[in-house]
Every structure is written in structure tokens, then in C-alpha cells.
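Reading the structure
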Amino acid sequence: MTSIWNQYFPPKPEWSIDDVPDQSGRVFLVTGGNTGLGFATAKVLLARNAKVYITSRDRDKGRRAVDELRKISEAIRVLHLDLSDLYSVRRAADEFMSKEHRLHVLINNAGVMSPPIALLTRQKYDLQFGVNVLGHFYLTQLLLPVLLATAKATGQKVRVINYSALFGPDARIDYTTLMDGPVRRKCSPAQLYRQSKLANLLFALELAVQYGEQGIVSIAINPGNVHTSLLRHTGAVPVSIWDMFSHSVSKGILTPLFAATSPKVDQLNGKQLLIPWARLGQVPASILERCAQENLWDWLEAQTDCFQRMNHAKSDSTVFLEHGFDNVSVVSVRSKVAENEALLI
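Residues numbered from 1 in each chain as written. Predicted model: local features only at pLDDT ≥ 70, side-chain atom pairs only at ≥ 80, totals over all residues. Heavy atoms only, no water.

An unreviewed UniProt entry lists the chain under the name NAD(P)-binding protein, with Dichomitus squalens given as the organism. The heading Sequence similarities (unreviewed entry) in the UniProt record of the chain holds the text "Belongs to the short-chain dehydrogenases/reductases (SDR) family." (UniProt positions renumbered as here; feature names shortened; annotations may be inferred.)

1. Brief notes about the pairing of strand β3 (residues 76-80)
With five bridges joining them, strand β2 (residues 51-56) and β3 adopt parallel strand pairing. Within the sheet, the bridge partner assigned to T55 lies in β3 and is L79. (Pairing = 2+ DSSP bridges. Helix = DSSP H or I, 4+ residues; strand = E, 2+ residues; numbered from the N terminus.)

2. A closer look at the confidence of the model for the chain
Of all residues in the chain, 82% have pLDDT values of 70 or greater, and the mean over the chain is 86. A low-confidence stretch, residues 235-240 stays under pLDDT 50, and its non-local contacts, those more than four residues away or across chains, total two contacts. In the predicted structure, residues 317-345 sits below a pLDDT of 50 and forms 18 contacts with residues beyond four places in sequence or in another chain. (pLDDT = per-residue confidence, 0-100. Contact = heavy atoms within 4.5 Å.)

3. What to know about helix α3 (residues 59-69)
For α3, the set of buried residues is G62, A65, V66 and L69. Angularly, the buried residues of α3 cover 100 degrees about the axis, an arc narrow enough to put them on a single face. One side-chain oxygen at the N-terminal end of α3 lies 3.0 Å from the backbone nitrogen of D60; it belongs to D58. (Buried < 20%, exposed > 50% of the residue type's maximum accessible area, 1.4 Å probe, protein only. Arc of directions from axis to C-beta. Polar contact = N/O pair within 3.5 Å; in protein donor to acceptor, adjacent residues only side chain to side chain.)

4. What about the nonpolar core?
By size, the foremost hydrophobic cluster in this structure holds 60 residues, and its most contacted members are F96, L103, L143 and L198. In terms of residue count, the dominant contributor to this core is helix α5 (residues 127-154) (15 residues). Excluding residues within four positions of it along the chain, L143 makes contact with L29, A93, F96, M97, L103 and L106. Grouped together as the second largest cluster of nonpolar side chains are 37 residues, F39, V66, I253 and A278 included. (Core = buried A, V, L, I, M, F, W, Y, C linked by side-chain atoms within 4.5 Å.)

Spelled out as C-alpha cells, the structure:
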């Protein structure tokens, strides 16, 4: 991978916000767009005539962000989305698809960095992995039909962008740490964060493999070290240290905007990583060989399939209770469960 120093202190950008082309007629979804890089990215997209959906975990903050963004364009919408809760992810995806039949770019921007080790998602996954990886995987999975339909209807490629970061050449996924347990509790929040960012990269690469021929461009980016609210849990590190290695938000949005809008990115689907500022970096073969991104995909898919099966089963139990305990009801419910399982396999 391009040297760490080169990513901490990138050369002067050769691509700027002024290079963002007109986005008229295009629909974007930016997770975590109520603050930080997501908010700044949405501002530029709106100024280029895009229709933009942002998501926010906090409803009030989401409304305030929309009020501010409406000063640029009325083509802004907000979805309530808590990536630490798969129920919320499903509701947000359903709400989006009830309103839109097109999605040209999905920017999986939201994230959490180094929270207290005790924090977990609603479904009891490690909070950083659950928010940064599993929540975004499930959201992308649910939005695949509209992404694929957009690519087919327009004859143009659509894009999915995932945020990665710096990690060492020996990085790997330790599956024993993805849910709570004694191994996870021995890890530092920083270790779990780096692991989640590696997983974002592997997810992006495998998405390109599986759906590249159907019109999806999947790209992982490192936006650079940018001082945003993402750092709110890293209080143990002196602000002066962060400031030494941090850059402004105006620099941090260059790489995501390039990934989302530059025509050049249509040719970058595959085993590549965009690094600060809108430059092409390489992913070491050693990481791909050791981590085998398809194994991570299988694990993520198994988690979301299990979640969906459990919820189908709960729905079927409700139907059973409402219609009594006669044999006809039992057969009907069992048939419905079998039908649902067949659809999920």
C-alpha cells in the first residue's frame, strides 16, 4: 500500500471541488450526512443539482441539518437511520425505496471510532464493527435492487462507496471479536476500529467482484485524517496530537466526491483504494490472500440472513396466534416459513 507517511501528509491535490460535474437528475444517499464529512459532501452535491438523501441517527440533528442544507437546494431529504440496529436499517431502506425508484450513488459515510469497549449494537455485535461494517452491508444489501435497476434503466454505472483507513500489512479479521466475549474484551478500541476499516475495504472489493458486471462500481476510499465529530470518543489522545495529523473537512471531502462523481471512477472497479487526495492507491496482495474478502462476505451475509429469518419467524408466530391452534393454521404457518426460507437461501 502507498506509504503511511504519504497518506498522512498527501501532496497538493490535483483535483478540486470545482471539478465536480453537474449532477442533475441523479440521486445520492449519504449515511451520517447530518454532520462532518457527510454534511460537507451533501452541500457540494446539492450545489451541483443532485437530489440528496442524508441519514441521521438523531432525528432532531437530522432536521436541523436539512434546514441548513435547504439554503442550498430544496432537493434534500433525511432518513432516520441507526446503523447499530438492523431493524432501523431495514426501516430506512424501506422508506427510501417507497420514495425513490432510482439510486445512482450510495455513500456509506457514517461511522464510529474508538467508543468504550462495553458498547454493543442492539443485536449484540461489537459497536464499531456493527455500525461501520454490518449495518452498512445490510443497508447496501437491501438497496441492491434499486441500484441494479438504476444501472439497467439508465445504461450507466452506479456507485457504492465505503470508507476505509490506514492499517498495517499484517491486518486481519478476528471473527472471535465481532460479538462480545473474552477475546473481544482484551482488544483495544483502536484495534477494533482498524479491523472494521479493513472489513470495509474487503466488503468493497467483494461487492465489485459480485456485481461489477451488473453495473455497480464499488470503491473503497481513505478520505484522510480529518478532524470531525468521529473523534469524540478518542479523548485519551491529546488534541494537539490529532491536530498534527489532521486536515480540514474541505480537504477530507475531496476523495469521497471524486469517488462519487468523477467519470474516471467508472474504470476503477476492483482491487484498488482511493487515498488522499483523490489519488489511486494499491491494496497489497498479502492482505487479500490472508483476509480472503469472500469469507467476510459470507459471514456478513449469514448474519443478515439469520436476522431476516428470525423476523420472518416472529411474523409467522403472530399469524399463528391470531388464527388459533387448529391443524389448518399449523400447516399454513409451516408452509409460509418454508416459503420464506426458500426465498432467503
